[in-house]
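These are the residues of each chain, in order.
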Amino acid sequence: MGIVKISDELHDEIRKSSNVMSRSINSQAEFWIKMGMLAELNPTLTFHEIIKNQLLKENLTIADLLHE
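About the thresholds
- Residues numbered from 1 in each chain as written.
- Predicted model: local features only at pLDDT ≥ 70, side-chain atom pairs only at ≥ 80, totals over all residues.
- Heavy atoms only, no water.
- Helix = DSSP H or I, 4+ residues; strand = E, 2+ residues; numbered from the N terminus.
- Buried < 20%, exposed > 50% of the residue type's maximum accessible area, 1.4 Å probe, protein only.
- Areas by Shrake-Rupley, 256 points an atom, 1.4 Å probe, with all protein chains shown as cover.
- Lys, Arg positive; Asp, Glu negative; His and termini not counted.
- Charge placed at Lys NZ, Arg CZ, Asp CG, Glu CD.
- Salt bridge = Lys/Arg side-chain N within 4 Å of Asp/Glu carboxyl O.
- pLDDT = per-residue confidence, 0-100.
- Patch = residues over 30% accessible without salt bridge, like charges linked within 9 Å, V, L, I, M, F, W, Y side chains within 5 Å.
- Phe/Tyr/Trp six-rings, centres within 6.5 Å; stacked < 30°, edge-to-face > 60°.
- Lys NZ or Arg CZ within 6 Å of the ring centre and 35° of its normal.

S.K.: Talk me through the overall build of the protein; I want residue IDs and the actual numbers.
M.R.: The number of helices and strands found in the protein is four helices and zero strands. Overall, the protein is about 40 × 30 × 25 Å in size when its C-alpha atoms are taken along their principal axes. In the protein, which comprises 68 residues, the share counted as buried stands at 13%. Summing over all exposed atoms, the protein offers an accessible surface of approximately 6,000 Å²; the carbon and sulfur share of this is 58%. Looking at charge distribution, the protein has the averaged site of its 7 positive side-chain charges lying 1 Å from that of its 10 negative ones.

What follows is the structure, encoded as structure tokens:
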């Protein structure tokens, strides 16, 4: 585990988003980092396509998630 320095403004945005998304601040930051990395690696995909691909990699469908 390492420490990443970010601006106070970005930290505040992560904190706000983590509250809305019911994630810890670290989990929210990790999610944004992962999505950014996946977006850079797949520039032609939309956010929703990236999420769908990640769910399919885990053998999950949106219907599976809705029925939990």
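S.K.: An account of unusual backbone geometry is needed here, citing residue identities and associated values.
M.R.: If you check the backbone angles, S22 has positive phi at about 55° while not being a glycine. Here S22 is to be found in the loop between helix 1 (8-20) and helix 2 (25-41).

S.K.: Provide a residue-level description of the pattern of salt bridges, including the pertinent values.
M.R.: Following the criterion strictly, the structure yields two salt bridges and no others. One salt bridge connects E13 with K16, and the closest N-O pair in it is separated by 3.3 Å. Taken together, the residues E13 and K16, both in helix 1 and three residues apart, mark about one turn of the helix. Given a relative accessible area of 40%, E13 falls into the partly exposed group.

S.K.: How would you sum up the confidence of the model for the protein? Please name residues and give values.
M.R.: Mean pLDDT over the protein: 90, with 93% of residues reaching 70 or higher. For the protein, helix 4 (residues 62-66) is the element with the lowest average pLDDT, namely 71, and helix 1 is the one with the highest, namely 96.

S.K.: Any details on a nonpolar patch on the surface? Residues and values, ideally.
M.R.: A cluster of nonpolar side chains, V4, I6, L10 and W32, forms an exposed patch at the surface whose accessible area comes to about 360 Å². Among the secondary structure elements, I6 is positioned in the segment before helix 1. With a relative accessible area of 39%, I6 lands in the partly exposed category.

S.K.: Residues and numbers for the packing of aromatic side chains, please.
M.R.: Given two aromatic rings, one states the distance between the centres and the angle between the planes to describe the pair. Applying the stated rule across the entire model yields zero aromatic pairs. When the ring centre of F31 is taken as origin, the NZ or CZ atom of R23, which lies over that ring, is 4.1 Å away.

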